[in-house]
Amino acid sequence: MLRISSHISISLTEIEIQAIRAQGSGGQNVNKVATAVHLRFDIKASSLPEIYKERLLNLKDSRITSEGIIIIKAQRYSSQIKNKEDALNRLREIIQSVTVQIKPRKPTKPTKASETKRLERKAIQSQRKSLRRKIDEEK
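Residues numbered from 1 in each chain as written. Predicted model: local features only at pLDDT ≥ 70, side-chain atom pairs only at ≥ 80, totals over all residues. Heavy atoms only, no water.

Describe the packing of helix 2 (residues 50-58) against helix 3 (residues 80-99), with residues and values.
Between helix 2 and helix 3, the shortest axis-to-axis distance is 9 Å and the interhelical angle comes to 110°. Classified by the angle between their axes, helix 2 and helix 3 sit roughly perpendicular to one another. Along the contact surface, helix 2 presents Tyr52, Arg55 and Leu56, while helix 3 presents Ile94, Ile95, Val98 and Thr99. Classifying every residue of the contact of helix 2 with helix 3 by side-chain character gives 5 nonpolar, 1 polar and 1 charged. (Axes fitted to C-alpha atoms, helices over the stretch in contact; angles between N-to-C directions. Helix = DSSP H or I, 4+ residues; strand = E, 2+ residues; numbered from the N terminus. Parallel < 35°, antiparallel > 145°, perpendicular 65-115°, else oblique. Contact = heavy atoms within 4.5 Å. Nonpolar A, V, L, I, M, F, W, Y, C, P; charged D, E, K, R; others polar.)

Which residues make up the pattern of salt bridges, and what values do they have?
In this structure the tally under the stated criterion is 4 salt bridges. In this structure, the salt-bridge partner of Glu50 is Lys53, at a minimum N-O distance of 3.5 Å. With Glu50 and Lys53 both in helix 2 and 3 residues apart, the pair spans about one turn of that helix. Lys53 sits in the buried class, given a relative accessible area of 10%. A salt bridge links Glu115 to Arg118; the shortest N-O distance between them is 2.7 Å. On the criterion of helical spacing, the pair formed by Glu115 and Arg118 is a turn pair, its members being 3 residues apart in helix 4 (residues 112-132). Glu115 sits in the partly exposed class, given a relative accessible area of 28%. By relative accessible area, which is 37% here, Arg118 ends up partly exposed. Linked by salt bridges that have partners in common, Arg76, Asp86 and Arg90 make up one network. (Salt bridge = Lys/Arg side-chain N within 4 Å of Asp/Glu carboxyl O. Buried < 20%, exposed > 50% of the residue type's maximum accessible area, 1.4 Å probe, protein only.)

Here is the structure:
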């Protein structure tokens, strides 16, 4: 089980993990051993609550395909086990990002004192600028 929060967890049977050969440098070992991990998670077919599925599908993330599948490629480590843990942690982070409820912003009004202060500063600035003008421009 992949625990997302205290009340949400995903069965590992819903997550498809495949070992692949890693890219980049690594000497002879990189050509022989499949240490990188390719993780696929189908959002629509998962056991997540509908609200989280909807939020995940609306998320603008390059790792989420148009079919609603999260694809994560982990090849940070030279160990397959560490790469698997890394991929699962990254999946957990994506799902946790949509579980947080964002509070709607309440627009506030400026206080009366701040409004008068702003107008006073504006008047002083206006007077300062008018004193910089040429005498001809005043007419």
